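Reading the structure
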Amino acid sequence: MLIILGALLLAVNYAVFYLLPPMEGLGYLSRIAVLHIPVAWVSVLGFAVSAFWALRYLRKNNRLYDIKSAVAATLGLGFCIAATVSGAIFARLAWGSFWNWDPRQTSITILLLTYYAYYGLRLAVEHEETKARVSAVYSVMAASTVPFLVFIMPRQQFSLHPSPVINQAGKIHMDIVFSIVLAGAICFCTLLFFYMSRLLVQKRIAGRKNAEQASPREEGVKI
Amino acid sequence: MTHTRVLCVAIIIVFLLFAFVNFTKSLTPYVTFAQAKSSRGSVQVRGTIETSGALSRQSDGRGSILRLRDEAGEVHQVIYRGALPDGVDKAESLVVVGKYEGSAFMATKVLTKCPTKYQEHVSK
């Protein structure tokens, strides 16, 4: 897995710096898009995966699903922060301002706050099972806002943000080399997401087991 | 079981509608010149450069004067003390940040929306 990730990372980096032609209007600035678009995609993926495992948890009551849901939401938040920062830098260079409360920026702020609150919720509830149930419900609710904040609202209003990769007309205004490099970057980020979630889930399970051995009277982990 | 499920779906739908209606109302920071005149603080006006007429864009030595047509169709003068960004001539639309003073809009920032197409730049 690590070898595939490393190879992809090298390939994408090589392509970004040596193969990508300067783009119409943006010039070499378009390189940032190769980071910005995949990272934003993975943050949406993370929130969706979190909601998926949250629903599974509510059905099956299996703690493992709660861990998976929490890890996916955490990674989604991380990637969302990365998308915001890379977006702000991109905006500074392409529009002229790091932050001017463009609809895109406002909606991503709401999204960030929504998932910070998820984190706060998890830390606030102490009882394990209550925590898992409450945060599972929250995760589903939070994920249901994502389509509105990420896909619908910014398309309805004027924004300095360019029309998204797949725009209303369904046309993809994209150079073939750029599309291939972007696809590679998206594969890399998606694989990285699943690899990181596996590691984090394993780490949390190990942490639980240690805690259990330290105080054996506590309710066992149902995995 | 079905009752709770229906209730859950209803709650989610109501929540989404509420969120959608409320957020869209307050989401956009861009106003028209008429609104800019009546507000005291710094605002953002969006529009396109007015190309018809002689003085579409000129420089008076200390900065630039633009004629901007806002969403409502009104054309106003915008004064900007500073170097205009490169993309101004190619921009699909422009956003000026600042406030209305006297007979012109004094911009502190000029932001550009460029037609981003991720297509290779062909030098002419």
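Quick caveat: nothing in here was measured; it's all calculated off a predicted structure. (Residues numbered from 1 in each chain as written. Chains lettered and ligands numbered in written order. Predicted model: local features only at pLDDT ≥ 70, side-chain atom pairs only at ≥ 80, totals over all residues.)

**Here's the deal with the overall build of chain A**
Regarding its fold elements, chain A presents 6 helices and 0 strands. When the helices and strands of chain A are placed in sequence order, the string is α-α-α-α-α-α. Projected onto its principal axes, the C-alpha coordinates of chain A cover approximately 65 × 40 × 30 Å. Sorting the 223 residues of chain A into buried and exposed places 38% on the buried side. Of the contacts made within chain A by residues no fewer than 6 positions apart, 77% connect residues no fewer than 24 positions apart. (Helix = DSSP H or I, 4+ residues; strand = E, 2+ residues; numbered from the N terminus. Buried ≥ 20, exposed ≤ 12 C-beta atoms within 10 Å, placed from the backbone. Contact = placed C-beta atoms within 7 Å.)

**Comments concerning the environment of T28 of chain B**
Here T28 of chain B lies in the loop between α1 (2-27) and β1 (30-31). Separated by 80 residues in the primary sequence, T28 of chain B and T108 of chain B place their C-alpha atoms 19 Å from one another. Not counting residues within four places of it along the chain, the set of residues in contact with T28 of chain B comprises P103, Q157 and F158 of chain A.

**Things to note about the interface of chain A and chain B**
Counting residues at the interface gives 32 residues for chain A and 30 residues for chain B. At the level of elements, α4 (103-124) and α5 (128-156) of chain A are the ones that each hand at least two residues to the side of chain A that touches chain B. Among the residues making up the side of chain A that touches chain B, the classes are represented as 17 nonpolar, 13 polar and 2 charged. (Nonpolar A, V, L, I, M, F, W, Y, C, P; charged D, E, K, R; others polar.)

**Things to note about the nonpolar core**
Residues and elements named next belong to chain A. Ranked by size, the top nonpolar core spans 47 residues in total, and within it V42, A73, Y115, V181, A185 and C189 carry the most contacts. Contributing elements (two or more residues each) for this core: α1 (2-19), α2 (31-60), α3 (63-94), α4, α5 and α6 (176-214). Broken down by element, this core gets its largest block of residues, 14 residues, from α2. In contact with V181, other than residues within four places in its own chain, are V12, A15, V16, L19, L20 and V34. (Core = buried A, V, L, I, M, F, W, Y, C linked by C-beta atoms within 7 Å.)

**Focus on the environment of T74 of chain A**
All names here are of chain A. Along the chain, T74 turns up in helix α3. Take T74: there are 19 C-beta atoms within 10 Å of it, and that puts it in the partly exposed class. Distance in space between the C-alpha atoms of T74 and S97 is 29 Å, their sequence separation being 23 residues.

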